[in-house]
Amino acid sequence: MTKSFLKITPKLARQIRLVIADVDGTLLCDGDTVSEAVAQSIRSLERCGIMVGFDSGRPLTRLEPLANALKTSGPVIAENGCVAKLTKESGLYDLGYSRQPALKILNQFKAEFKSAIREAPDFKDRLIDVGFFADNIPMEELTQQLQGVQLLDSGYMLHMIQEGVSKGKSLKRILGLIGDGTIQPDEVMVFGDSATDVSLFTEFENSVLIVNPRLTKPQTDCLRSIPKFKSALAFGEGFVEVADFLVKQRLTT
Ligand SMILES: [Mg+2]
């Protein structure tokens, strides 16, 4: 059962060493910049000794400017777990994933559904994940044709990536290389808003759902009861209330 974020205890708050946040729907609703309130909450997490990192469906080109502006010290995981950097300054960490299986399926879709299939604007910035739109085509029609590839709906666009790759698994793979290398899974708190974050919620026990009122009912139904905590407010305001409460609880004796 998902509980209110107000149930985060001082003990749990002091245990957290790394906060990992999805971006779209979690830190912001639209656009590329986060609000000053979100920036301030991220700064106070870092100030009290919690590293902050991102795990998003965005390509690196749209995550690195954010990490640089916010001066975060944690990892930058892009393209739904396909691409990772241990810190914003480090080089790409080779997770060994390929774009070929998803590109092959995209070409099949283009042949069958013609102009209803549109590449996402940041298609060329993506190294592995294939982002696209499928106008008015039911998901079931698309899912029938996937071989070795998974189809994800972030609520912003559709994504195709190699089977077995996820935001949560990639974070687990690099966790032992972050900071001093001793961060344990139960010392991580993950934040997300949609189906593409389910792997974060299942791989990491301390998980927070940020309310996204834009999701459709089926999109919210698949999240029910999986995260441990949830925000009351939506989008960035939800992140701020939970992050600030986490910092407050750390200081509570
Ligand atoms: Mg999201």
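Thresholds, definitions, all that
Residues numbered from 1 in each chain as written. Predicted model: local features only at pLDDT ≥ 70, side-chain atom pairs only at ≥ 80, totals over all residues. Heavy atoms only, no water. Domains from an automatic or database assignment. Contact = heavy atoms within 4.5 Å. Buried area = accessible area lost by both parts, 1.4 Å probe. Salt bridge = Lys/Arg side-chain N within 4 Å of Asp/Glu carboxyl O. Polar contact = N/O pair within 3.5 Å; in protein donor to acceptor, adjacent residues only side chain to side chain. Pairing = 2+ DSSP bridges. Helix = DSSP H or I, 4+ residues; strand = E, 2+ residues; numbered from the N terminus. Axes fitted to C-alpha atoms, helices over the stretch in contact; angles between N-to-C directions.

**Focus: the domain arrangement of the protein**
Then step 1. The domain boundaries assigned to the protein delineate domain 1 (3-92 + 165-251) and domain 2 (100-162).
Then step 2. Averaged C-alpha coordinates put domain 1 and domain 2 at centres separated by 25 Å.
Then step 3. In this assembly, 20 residues from domain 1 lie in contact with 15 residues from domain 2.
Then step 4. For the pair domain 1 and domain 2, the summed buried area comes to about 1400 Å², and 56% of that belongs to carbon and sulfur atoms.
Then step 5. Between domain 1 and domain 2 we count one salt bridge in total.
Then step 6. Between aspartate 122 and arginine 62 there is a salt bridge, with its nearest N and O atoms 3.4 Å apart.
Then step 7. Here domain 1 and domain 2 share 12 residue pairs in polar contact (both at pLDDT 80 or more) between them.

**Thoughts on the sheet that holds strand β9 (residues 149-153)**
Then step 1. If you trace the four strands from one edge of the open sheet to the other, you get β7-β8-β10-β9, paired in antiparallel fashion. Strands with a single pairing partner mark the edges of an open sheet, and in this sheet they are β7 (117-119) and β9. Ignoring strand direction, the axes of neighbouring strands in this sheet form an average angle of 35°.
Then step 2. Inspection of the sheet shows β9 paired to strand β10 (residues 158-162) by five bridges, in the antiparallel sense. Bridging across to β10, leucine 152 finds its partner in histidine 159.

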